Amino acid sequence: MAVPSIEIGFHTDDYMILGFLARSYPGSPPWYDLYNFAPGGASDTQALIAASGLPWWTHPELKLHLFRPLASALLTIERLVFGSAPLGYHLVSIALYLALIAAVGRLFRKVLPGATAALALLLFAVNEDHATPFGWIACQHLLLATLSTVLGLLAWLRYNEEGWRSGRYCGPLGIGIGLLGSEAALGGAAYWVAYQLTGPARPGVAAGWRARLLRASPVLGLLAYFAVYRAIDGGAANSSMYVDPLSNPGEFARAAAERLPILLGNALALVPSGLSITQPKVPFILAGLTASACVALLYRACLPFILDEERAALRWLVPGAVMALVTTLGGFPGARLLFPSNIGFAPLFAVLLVRGLRRGPSPWTSSLGRRAGAALLGVLHLALAPCLLIIGTRAHARLARKVEDAARNAEIGAAPGQRVFVAAASDPMAAEYPRAVFAVESPGALSCWSNLSMAKAAHHLTRTGLSSFTLTPVGSTLLAGPFETVYRSPASPLPAGERFIQCGATIRILAVEEGRPARVEVDLGAPLEDPGLVILAWREGRLRRIAPPLVGETLELPWSPGPLGL
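First, a word on scope: everything that follows refers to the structure included in this document. (Residues numbered from 1 in each chain as written. Predicted model: local features only at pLDDT ≥ 70, side-chain atom pairs only at ≥ 80, totals over all residues. Heavy atoms only, no water.)

Spatially, the four strands line up as an open sheet ordered β5-β4-β11-β12, and their pairing is mixed. Bordering the open sheet on either side are β5 (446-451) and β12 (542-545), each of which pairs with just one other strand. When the angles between neighbouring strand axes are averaged without regard to direction, this sheet yields 30°. Bridge count between strand β4 (residues 418-424) and β5: five bridges; the pairing is parallel. Bridge pairing links Gln418 to Leu446 in β5. Across the sheet, helix α18 (residues 433-441) is in contact with β5 and β12; its angle to β5 comes to roughly 170°. (Pairing = 2+ DSSP bridges. Helix = DSSP H or I, 4+ residues; strand = E, 2+ residues; numbered from the N terminus. Axes fitted to C-alpha atoms, helices over the stretch in contact; angles between N-to-C directions. Contact = heavy atoms within 4.5 Å.)

Turning to the state of the cysteines, a few remarks are in order. By the definition in use, this model includes one disulfide. Each sulfur of the disulfide joining Cys448 and Cys503 lies 2.0 Å from the other. Classification of the bridge connecting Cys448 and Cys503 rests on its S-S torsion, roughly -85°, and on that basis the disulfide is left-handed. On the criterion of sequence distance, the pair formed by Cys448 in strand β5 and Cys503 in the loop between β8 (499-502) and β9 (505-513) is long-range, its members being 55 residues apart. A single burial state applies to Cys448 and to Cys503, both of which are buried. (Disulfide = S-S within 2.5 Å. Buried < 20%, exposed > 50% of the residue type's maximum accessible area, 1.4 Å probe, protein only.)

Time to look at the packing of aromatic side chains. This structure, assessed with the given rule, holds 20 aromatic pairs. Both rings, one in Phe438 and one in Trp449, keep their centres 6.1 Å apart while their planes meet at 40°; by these two values the pair is tilted. Within this pair, whereas Phe438 is found in helix α18, its partner Trp449 is found in strand β5, the two being separated by eleven residues in sequence. A connected cluster of aromatic rings, assembled from ring pairs, spans Phe10, Tyr15, Phe82 and Tyr89. The side chain of Arg68 reaches across the aromatic face of Tyr35, ending 4.7 Å from its centre. One residue, Arg435, lies across the ring of Tyr25, its end atom 5.4 Å from the ring centre. (Phe/Tyr/Trp six-rings, centres within 6.5 Å; stacked < 30°, edge-to-face > 60°. Lys NZ or Arg CZ within 6 Å of the ring centre and 35° of its normal.)

Here you go:
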């Protein structure tokens, strides 16, 4: 299932990280901190905006600093070994995924009966949510973190149940190494906490709640991780898509109330959570709540048939899965956030399938209803999920080629060091990521890349002077789309009259509507006909060059959907 991911090659953020390592992307962080996309300081942010490392509307104190030194080091080594050939990177991802499957299989065999464990492993291996973790090179941090924490969890279980003394130290060590790979290791820590609180007690050890809480107290060691995270100024701030629970707990709670049921709908019923980014959220929330209720009813109907060993395992695996999911809710929404949680959900599905399809009466529902529910679950997770995994992998590959084509077919000419201004492109795959492809494939071709508007609308470009023009989205505003608010939360509106410097140009907001720019003026500092300037707009599947109109004339730029359809 993972082998077709080789076709993806480099994809979006992969190019950005390679550009960082080549020092050809503005504001490239050091090799050990490649996921530091925005450091958070006002002076650093201003410099990044001026060099076009961030969009001009970025909040002056935007912070997107994800502390992943182990993943950064791995990518650095891969670049030294494989260079610009993506095959080697993908083989590393596949090897990590296979190692994780082996570790998860060992965990399932340890806590579940043989047939149930085998089915749970199959469900985990073919889960459609895993196309991104093993197919997207930039997501190797998820594989590293999850693998390390599962190995640590195995060691701890062996210590708790067999008295293996080394497990007392290897367990926390696995979580610690995982945290160096990614904050996703907090999901692994969630399983450890759930096991301590609700799992089987070690023979001869008190099993009361007070004793369990005392045994779970080492989780306080995570406070040291959070302290280090804060000390290096890690985390997120002033973004609507990345929400830091430590610095903004109120906003995190609001986001979690929306994202938790949406992601549960994805995990339980394969309702694609990624669509909730651009579509109304209420249907996805209702789907998640409905799916959760249906799975709970199915579990209740299956309860008389569930073995004691299975009950004991689910008693901590399912709460661990939910807690692991909660730790991810501050990240950019998407199915990849379910990766650690699926370790707990796969055994739940396996138990419901094995026990739900049995013949025999149920005390709370008809046998037919129970078996129908289990059959539907099987269709979703055994028949549909593998198909969606393959489809998702191929979709990633197609999208990666579209982004590369957007860069390679952009009408910028052959002159080196040009300043490029994208006047209108609403799709981030057309507006933002071609710049990353240039940073890797043609680092000297551009001196700057300024994305002026991502409004999903037609635009009017009116020339107001030798070097200036106004840009007006028709019937819309800037900063109304989800990808624009990655860089600036709606809680920080922009006033009319504010100026920004980017790529040697001055961008001034002329009019606002509800805190969002409705018209901007752009002065490029040189005549629009200057051969060192390129003005582009996304039209008919391509970044096409715009011929500057005469002073006083208006050019209409029709909206056209990009590679994502946005």
